[in-house]
Structure formats: C-alpha cells, structure tokens
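If you want the building blocks of each chain, they are given just below.
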Amino acid sequence: MIIGEAGQAAQALWGDVFDTPGRVYGGGGGGGGRFEMDPEELKSLIGQWEDVLDKIVEDGDKIHQIVRAGELAPGQDPASGSYATTTGDSVLALQRQNDSMRKYAQEYIKKLKEAQSKTVVTDQSLSDTFKA
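Definitions and limits used
Residues numbered from 1 in each chain as written. Predicted model: local features only at pLDDT ≥ 70, side-chain atom pairs only at ≥ 80, totals over all residues. Heavy atoms only, no water. Helix = DSSP H or I, 4+ residues; strand = E, 2+ residues; numbered from the N terminus. Contact = heavy atoms within 4.5 Å. Expected span 1.5 Å × (residues − 1). Buried < 20%, exposed > 50% of the residue type's maximum accessible area, 1.4 Å probe, protein only. Salt bridge = Lys/Arg side-chain N within 4 Å of Asp/Glu carboxyl O.

## So, the side chain of Gln95
Locating Gln95 in the fold gives a position in helix α3 (residues 78–131). In this structure Gln95 touches Ile63, His64 and Val67, once residues within four positions along its chain are discounted.

In structure tokens:
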C-alpha cells in the first residue's frame, strides 16, 4: 500500500517494489500507523540482534585485553609518553563506545522479547475468541 506523496514519488521512481507483501512501510496522514510483524519474523530479528550483541561482547573482550596490557609507551622519552597517553585515551573512548553499544543492543533485545511475549498473548487471546 502506497501512502502519501512520498510513497507515490517512490513508486514512480522504483515501480511496484513497495507493494511487496509482508513488508512494513509505516502509516501516514497523521492518523497514526501501526507496525506488524509475524512471530517468525520477530524471532528471526531477535536472533539477528543476539548475534550482533555477541560480536559487540567479543569486541569488548578484545578492548579489555588492550586496556589490561598496560604500558603502551615504546620508550622512556617524552614523545613516547605522549604517544602512550593518547593511545590510552583512545582505547578508553573505544571501550566507552563499546559499552554503550552493548547496553543499547541488550535493551533493544529486551524490548523485542517483550513485544514477542505480547504478540503471543494477543494471538492466543484472539485464537480463544474464535474457538468460543
């Protein structure tokens, strides 16, 4: 379903690619849209995010190894000390960024799992309605 002028412009540019069933392209017109995803798509999405989280954790482990390596200065001169300080600051910034990405991914997975639980409850309740 194509919604609004932007949707019509996209259709004019790319054709009917936006009418593919199962795809979500959002609501429009200020009346509020809705987001739909079948349980298998949601399960797959959660799995993909869990894979991303695993990679973030692996990167974090590598960063922690670098931090624990300690002394980074190649020599005792002031230039080497400056190099070590700058490198240490960069590694700590990288560690903070990795921690932030890990927390984001964990929270997003938590929200997806909550949505999955609600979807299962809603589907069960609708199923029960039809059985009655």
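## Let's talk about helix α2 (residues 39–68)
Think of an α-helix as 3.6 residues a turn; residues three or four steps apart then line up on the same face. The end-to-end C-alpha separation of α2 is 43 Å, in line with the 44 Å expected for 30 residues at 1.5 Å each. Those residues of α2 not exposed but buried are Leu42, Ile46, Leu53, Ile56, Gly60 and Ile63.

## Here we look at the pattern of salt bridges
It is possible for side chains of opposite charge to pair when their charged atoms get near one another. Taken as a whole, this structure holds 2 salt bridges when the rule is applied. We note a salt bridge from Glu50 to Lys113, for which the minimum N-O separation is 3.1 Å. Of this pair, Glu50 sits in helix α2 while Lys113 sits in helix α3, placing them 63 residues apart in sequence. The closest approach of N and O atoms between Asp99 and Arg102, which form a salt bridge, is 3.6 Å. Linking Asp99 with Arg102, this pair stays in helix α3, spanning 3 residues, or about one helical turn. Among the residues examined, Arg102 registers a relative accessible area of 23% and is labelled partly exposed.

## Examining the side chain of Asn98
Mapping Asn98 onto the fold places it in helix α3. On the basis of relative accessible area, Asn98 is assigned to the buried category, the value being 4%. Residue contacts for Asn98: discarding those within four places in its chain leaves Ile56, Asp59, Gly60 and Ile63.

Geometric values such as these leave the question of function open.
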